[in-house]
Amino acid sequence: MNEEKDILHIGIDLSDTYAMVSFYRPQMPDAQTVSTTAGQEHYAIPTALLLSARGKYFYGEEAIRRKDREDVIYSDHLLSAALTSRADTSDPVPFEERD
């Protein structure tokens, strides 16, 4: 078994509004950046997170699309929130289960 073939390098470019993820293995000619849409060159992932009333998490564009719904917790600008300790440390599922 060639140990170098098993190595995976992952790069994360993180800003306050977007993130990008790339990966590289030694046998690859170049690193590849992960697209958020299969078959398209859409690489920027919004740094947004949403917790639904049912306790399900959504991130990126899906979190942004759902942010105006009732009974959700929405956070964006996650990097600055983490760096300034503004991150929400409350119970991860603050809602009661609903039918």
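All of these numbers come straight from a predicted model, not from anything done at the bench.

Scoring rules and cut-offs
Residues numbered from 1 in each chain as written. Predicted model: local features only at pLDDT ≥ 70, side-chain atom pairs only at ≥ 80, totals over all residues. Heavy atoms only, no water. Helix = DSSP H or I, 4+ residues; strand = E, 2+ residues; numbered from the N terminus. Buried < 20%, exposed > 50% of the residue type's maximum accessible area, 1.4 Å probe, protein only. Contact = heavy atoms within 4.5 Å. Areas by Shrake-Rupley, 256 points an atom, 1.4 Å probe, with all protein chains shown as cover. Pairing = 2+ DSSP bridges. Axes fitted to C-alpha atoms, helices over the stretch in contact; angles between N-to-C directions. Polar contact = N/O pair within 3.5 Å; in protein donor to acceptor, adjacent residues only side chain to side chain.

(A) Highlighting the overall build of the chain. Of regular secondary structure, the chain possesses two helices and seven strands. Reading the chain from its N terminus to its C terminus gives the helix and strand order β-β-β-β-β-β-α-β-α. Burial statistics for the chain: of 99 residues in total, 15% are counted as buried. Intrachain contacts of the chain at a sequence separation of at least 6 include 36% that bridge at least 24 residues. Here the chain has roughly 7,600 Å² of accessible surface; of this, 51% comes from carbon and sulfur atoms.

(B) Layout of the sheet that holds strand β7 (residues 73-76). Strands sit in the order β6-β5-β7 across an open sheet of three strands; the sheet is antiparallel. Both outer strands of the open sheet, β6 (57-59) and β7, are each paired with one neighbouring strand and no more. On average, adjacent strands in this sheet sit at an angle of 15° to one another, irrespective of strand direction. One ladder, built from three bridges, connects strand β5 (residues 48-51) with β6; its direction is antiparallel. Each bridged residue has a counterpart across the sheet, and for Leu-50 the counterpart in β6 is Phe-58.

(C) Highlighting the environment of Tyr-57. When you line up the elements, Tyr-57 lands in strand β6. For the pair Tyr-57 and Ile-73, spaced 16 residues apart in the sequence, the C-alpha separation amounts to 9.6 Å.

(D) Spotlight on the pairing of strand β2 (residues 18-24). Sheet topology places strand β1 (residues 9-14) next to β2; six bridges connect them, and they run antiparallel. The residue bridging Gly-11 from the neighbouring strand is Ser-22, located in β2. Connecting β1 to the antiparallel partner β2 that follows it, the hairpin turn spans three residues. With two bridges connecting them, β2 and strand β4 (residues 45-46) associate as antiparallel partners. If you follow Tyr-18 over to β4, its bridge partner there is Pro-46. Bridge analysis of β2 against strand β3 (residues 32-33) gives two bridges, and the strand direction is antiparallel. The residue of β3 that forms the bridge with Ser-22 is Thr-33.

(E) View of the side chain of Ser-22. Residue placement: Ser-22 occurs in strand β2. Among the polar contacts listed, one links the side chain of Ser-22 to the side chain of Thr-33, at a separation of 2.8 Å. Aside from chain neighbours lying at most four places away, what touches Ser-22 is His-9, Ile-10, Gly-11, Gln-32 and Thr-33.

It is worth stressing that arrangement in space is one thing and function is another; only the former is reported here.
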